[in-house]
Amino acid sequence: MDQFGLIHIYTGDGKGKTTAAMGLVTRALGREASVLLVQFMKSADTGELFALAAFPRLKVLRSEEKIGFSFRLDEEGKKRLTAVNNRLLASALELADQYDLLLLDEAIGAYNHGYLDQDLLYRFLEKKPENLEVVLTGRNAPDELIRLADYVSEIKKIKHPFDRQIKARKGIEK
């Protein structure tokens, strides 16, 4: 296996951050790497998870609890979301050294809104296992995470069907 160990960020307001990260996950699995995929602030079934379930070297951590969109949550809901995200992060960090690639999907959004232990994530990224490739996705990557990253790709929205009230479609956005 070629050397792993860099940090990637997929950020921006466009569609495709998670899709790009899942492409990298698929590439790594195709080369027999082991992958830990953690999804923050997501609990709905998605097509990529069904497809990737066939890979034995993939472990997925995500909320079993349907919490809903973070911008619609009351204070109690925000506390529950933060607790769930912090449990996921703690579990991921415990397991990280057993994997070649760690995807922290929507970690940037959770980080930015205080729905994730910022200090814990930052310290982990500073001192992550040397050969662990780490991918973070989410809008508005903050400068402190960008400084730690080796790759930063911005996905910019030019036009999106959501602007015309077209909801997420199975097999395309979910």
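So, a few notes on the structure that sits alongside this text. Since this is a predicted model, take the numbers as computed values, not measurements.

Turning next to helix α1 (residues 17–30). End to end, α1 covers 20 Å across 14 residues, agreeing with the expected 20 Å (1.5 Å per residue, within 8%). Buried positions along α1 lie against β1 (7–11), β2 (35–39), α2 (47–52), β3 (58–62), β4 (101–105) and β5 (133–137).

Relative to β3, β2 runs parallel, the two sharing 5 bridges. Within the sheet, the bridge partner assigned to L37 lies in β3 and is V60. Of the crossover connections in this fold, the one passing from β2 over α2 to the parallel β3 is right-handed.

The biggest cluster of nonpolar side chains holds 32 residues, and the ones touching the most others in it are V38, F40, L102, L104, L121, V134 and L136. Among the elements of the structure, β1, β2, α3 (75–95), β4, α4 (107–112), α5 (118–126) and β5 are those that each provide at least two residues to this core. In terms of residue count, α3 provides more of this core than any other element does, 6 residues in total. Every residue in contact with L104, bar those within four places of it in the chain, is listed here: V38, F40, L121, V134, V135, L136 and T137. By size, the runner-up hydrophobic cluster in this structure holds 17 residues, among which are M22, A28, L49 and L103.

Before going further, it helps to spend a moment on the pattern of salt bridges. According to the stated counting rule, one finds 4 salt bridges in the structure shown. The partner of E106 in a salt bridge is K42, and the shortest N-O contact between them spans 4.0 Å. You can see E106 sitting in the loop between β4 and α4 and its partner K42 sitting in the loop between β2 and α2, a full 64 residues away along the chain. The class for K42 is partly exposed, based on a relative accessible area of 22%.

Our next topic: unusual backbone geometry. The phi dihedral of E32 falls on the positive side, at around 70 degrees, and the residue is not glycine. Tracing the chain through its elements places E32 in the loop between α1 and β2. Judged by its relative accessible area of 60%, E32 is exposed. Of note in the backbone geometry, E106 takes a positive phi value of approximately 65 degrees without being a glycine.

Scoring rules and cut-offs
- Residues numbered from 1 in each chain as written.
- Predicted model: local features only at pLDDT ≥ 70, side-chain atom pairs only at ≥ 80, totals over all residues.
- Heavy atoms only, no water.
- Helix = DSSP H or I, 4+ residues; strand = E, 2+ residues; numbered from the N terminus.
- Expected span 1.5 Å × (residues − 1).
- Contact = heavy atoms within 4.5 Å.
- Pairing = 2+ DSSP bridges.
- Right-handed = clockwise from strand over helix to strand, strands pointing away.
- Core = buried A, V, L, I, M, F, W, Y, C linked by side-chain atoms within 4.5 Å.
- Buried < 20%, exposed > 50% of the residue type's maximum accessible area, 1.4 Å probe, protein only.
- Salt bridge = Lys/Arg side-chain N within 4 Å of Asp/Glu carboxyl O.

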